[in-house]
Amino acid sequence: VQLQASGGGLVQAGDSLRLSCAASGFTFSYYGMGWFRQAPGKEREFVAGIIWSGGRTSYGDSVQGRFIISRDNPKSTVYLQMNSLKPEDTAVYYCAAGQNGNSREFNYWGRGTQVTVSS
């Protein structure tokens, strides 16, 4: 299983950013996918998840209404559209894959991409 996140960068508060995660080494369309983040000195936090079909999503309380997770099964890619970014969204963002196909249980994590939001 390989998960490669990209799209991070430095933005200002209120801006938008879209992260991508390219997956390989497994049957992507069977797996649930998700995004997590970890800020310095803090525990890893669940951001968003999407079931294998894309028909159901779930979000962490801190990003509900601002972030949107989506997936493109033929491209084996999951996305995270981040809107109305805040300085507290600054973190390394990781994508994850889960064999159970749901939006909350994950077995594999990829290398992260840094998102920095300036005030």
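Structure: see above.
Just so you know, these numbers come straight off a predicted model, no measurement behind them. (Residues numbered from 1 in each chain as written. Predicted model: local features only at pLDDT ≥ 70, side-chain atom pairs only at ≥ 80, totals over all residues. Heavy atoms only, no water.)

A word on the pairing of strand S3 (residues 17-24)
Within a regular strand, the side chains alternate between the two sheet faces.
Next, step 1: In terms of strand pairing, strand S1 (residues 2-6) meets S3 through five bridges, oriented antiparallel. The partner of Ala5 across the bridge, within S3, is Cys21.
Next, step 2: Examined bridge by bridge, S3 and strand S8 (residues 77-82) share six bridges and lie antiparallel to one another. Paired with Leu17 across the strands is Met82, a residue of S8. (Pairing = 2+ DSSP bridges. Helix = DSSP H or I, 4+ residues; strand = E, 2+ residues; numbered from the N terminus.)

Considering the sheet that holds S8
Next, step 1: Spatial ordering of the open sheet is given by S1-S3-S8-S7, a layout of four strands whose pairing is antiparallel. At either end of the open sheet lies a strand with only one pairing partner, and these are S1 and strand S7 (67-72). For this sheet, the mean angle separating the axes of adjacent strands, direction not counted, is 15°. (Axes fitted to C-alpha atoms, helices over the stretch in contact; angles between N-to-C directions.)

Topic: the state of the cysteines
Simply put, the disulfide is a covalent bond whose two ends are the sulfur atoms of two cysteines.
Next, step 1: Counted by the stated rule, this structure contains one disulfide.
Next, step 2: Two residues share a disulfide in this structure: Cys21 and Cys95, whose sulfurs sit 1.9 Å from each other. In this pair, Cys21 is assigned in strand S3 and Cys95 in strand S9 (residues 91-98), connecting sequence segments 74 residues apart. Accessibility classification places Cys21 together with Cys95 in one group, the buried group. (Disulfide = S-S within 2.5 Å. Buried < 20%, exposed > 50% of the residue type's maximum accessible area, 1.4 Å probe, protein only.)

Details of the environment of Tyr30
Next, step 1: Here Tyr30 shows up in the loop between S3 and strand S4 (32-38).
Next, step 2: C-alpha of Tyr30 to C-alpha of Gly101: the two residues are 71 residues apart in sequence and 5.9 Å apart in space.
Next, step 3: Apart from the residues lying within four places of it in its own chain, the contact partners of Tyr30 are Trp52, Gln99 and Gly101. (Contact = heavy atoms within 4.5 Å.)

Notes on the side chain of Ser103
Next, step 1: Checked against the element boundaries, Ser103 lands in the loop between S9 and strand S10 (108-109).
Next, step 2: Not counting residues up to four positions away in its chain, the partners in contact with Ser103 are Phe46, Gly49, Ile50, Ile51 and Ser58.

A few points about the pairing of strand S5 (residues 45-50)
Next, step 1: Burial within S5 is extensive, with five of its six residues counted as buried.
Next, step 2: In this structure, S4 lies alongside S5, joined through five bridges in antiparallel fashion. When the bridges of S5 are listed, Phe36 appears paired with Phe46.
Next, step 3: If you look at the hairpin formed by S4 and S5, you'll find six residues sitting between the two strands, and Gly41 has a positive phi there, around 75°.
Next, step 4: Here S5 runs beside strand S6 (residues 57-59); their pairing, made up of three bridges, is antiparallel.

As for unusual backbone geometry
Next, step 1: Notably, Ser76 is not glycine yet its phi reads approximately 50°, a positive angle.
Next, step 2: Locating Ser76 in the fold gives a position in the loop between S7 and S8.
Next, step 3: Within the chain, Ser84 stands out as a residue other than glycine whose phi angle is a positive 50°.
Next, step 4: Examined against the element boundaries, Ser84 turns out to sit in the loop between S8 and S9.

None of this, on its own, says anything about what the molecule does.
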